[in-house]
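Chains, contacts and geometry: an overview
The chain contents come next:
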Amino acid sequence: MTDQALIIQFQNGDAKEPAFTQLLKRHRETVFFQIKKMVLEHADADDIAQAVWIKVWNKLDGFKQESAFSTWLFRVAYNETLNFIAQKKRLKTNSTQNEMDHSLEHPSTQNALKETAIQIKLERAIAELPEKQRFVFMLRYYEAFDYEKIASITGTTVGGAKANYHQAVKKMTELLQQA
Amino acid sequence: MGLINDMNDMENESISKNLKEALKSFESRTMQVPAGYFDQFELDLMQKIKAEGQAPQKARIISLFSNQKKYLVAASLVFAIATGYLFFNKAENTTTPIAKVEIINIETLPDELIEAYVNNNELVAEVEWNSAIEATGTNLISINN
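All values derive from a computational prediction rather than experimental measurement.

On to the interface of chain B and chain A. The interface is formed by 21 residues belonging to chain B together with 24 residues belonging to chain A. Looking at the side of chain B that touches chain A, the elements that each hand over two or more residues are α1 (2-13), α2 (17-30) and α3 (37-54) of chain B. Classifying every residue of the side of chain B that touches chain A gives 12 nonpolar, six polar and three charged.

Given below as structure tokens:
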């Protein structure tokens, strides 16, 4: 059964839950790992992913299928992730230490022992990328999404998405080359 | 599809070997999840969704006039302008008498009434009398003398 058929089934109200769980099973991993690549912390990624799927449940009735379900789903994930990061940044101003930055800039001692210097550097480089660049890069590099889809997800143009990708590569390369 | 793969390959060629290796290990690190995590995720999510569905909906406050707000504002403006216009226009056109003056011929009044008036308003009458005398240029003293 295609995503489209499952959405129609959901929207018709018959077997709503089975249709939803089918969609969830199909896409939960790609969405979760994309979020985790953005925030790194498992618990944070879990919270965001839950929020994404709850939003999907609540808004799927109004989804007009003008784009592919996966495009819409990743747009929801993109917005939720950016909201989460913005909230964390706001909290950071009130607290002395930020958990996400802590994990990004200073991986736990146990992990640090396992990770090579280059991996730690990369995580730092990723943390320094603007959120949009980071999201675009992850979608392109790991999921091999085409630029049109990425542009639609992140609300930018194809040219903008390409520029974001190349900027991310350039920055990461520079940061890795630094001593 | 082949074209996309070629383009991806071209893009990936521009990425240094170091970065590629780092990105590979980054991926394997982020892909680590506890065993059975996604099944548990689904259970937790469906529980949450059901709990939200059963939770009493928050009462929504709907303004009765939310849609007619602009009409209400317009109507009150028209009312204010109209009443203002009517009020000022009426004030200009009408001359409200401060006191109604009735001209009474003194000859028609009975003597008792005149006496009663004089007795009751002696002081007033005296002042009026004096001013009448002054107006004629005479005085009681000169007459008496």
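Before going further, it helps to examine the nonpolar core. All names here are of chain A. Core analysis: the largest hydrophobic core is formed by 47 residues, its most contacted members being Ile35, Ala49 and Val136. Counting residues domain by domain, this core receives three or more from each of domain 1 (1-99) and domain 2 (106-179). Other than its neighbours up to four places away in sequence, Val136 contacts Ile150, Thr154, Ala161, Asn164, Tyr165 and Ala168.

This brings us to helix α9 (residues 147-154) of chain A. Taken together, the buried positions of α9 of chain A are Tyr147, Ile150, Ile153 and Thr154 of chain A. For α9 of chain A, the buried positions fall inside an angular range of 120° around the axis, keeping them on one side.

Residue and element names in this part refer to chain A. Backbone geometry places Leu40, a non-glycine residue, at a positive phi of 70°. Structurally, Leu40 is set in the loop between α2 (16-39) and α3 (42-59). A positive phi is found at Gln65, a non-glycine position, where the angle reads about 60°. Note that Gln65 resides in the loop between α3 and α4 (69-94). Of the residues examined, Gln65 has 12 C-beta atoms within 10 Å and is grouped as exposed.

What follows is about α3 of chain A. Given 3.6 residues per turn, any residue in an α-helix points the same way as the ones three and four places further on. Its 18 residues place the ends of α3 of chain A 25 Å apart at the C-alpha level, agreeing with the 26 Å of an ideal helix rising 1.5 Å per residue. Along α3 of chain A, the positions that sit buried rather than exposed are Asp44, Ala45, Ile48, Ala49, Val52, Trp53, Val56 and Trp57 of chain A.

Rules used in this analysis
Residues numbered from 1 in each chain as written. Chains lettered and ligands numbered in written order. Predicted model: local features only at pLDDT ≥ 70, side-chain atom pairs only at ≥ 80, totals over all residues. Contact = placed C-beta atoms within 7 Å. Helix = DSSP H or I, 4+ residues; strand = E, 2+ residues; numbered from the N terminus. Nonpolar A, V, L, I, M, F, W, Y, C, P; charged D, E, K, R; others polar. Core = buried A, V, L, I, M, F, W, Y, C linked by C-beta atoms within 7 Å. Buried ≥ 20, exposed ≤ 12 C-beta atoms within 10 Å, placed from the backbone. Domains from an automatic or database assignment. Arc of directions from axis to C-beta. Expected span 1.5 Å × (residues − 1).

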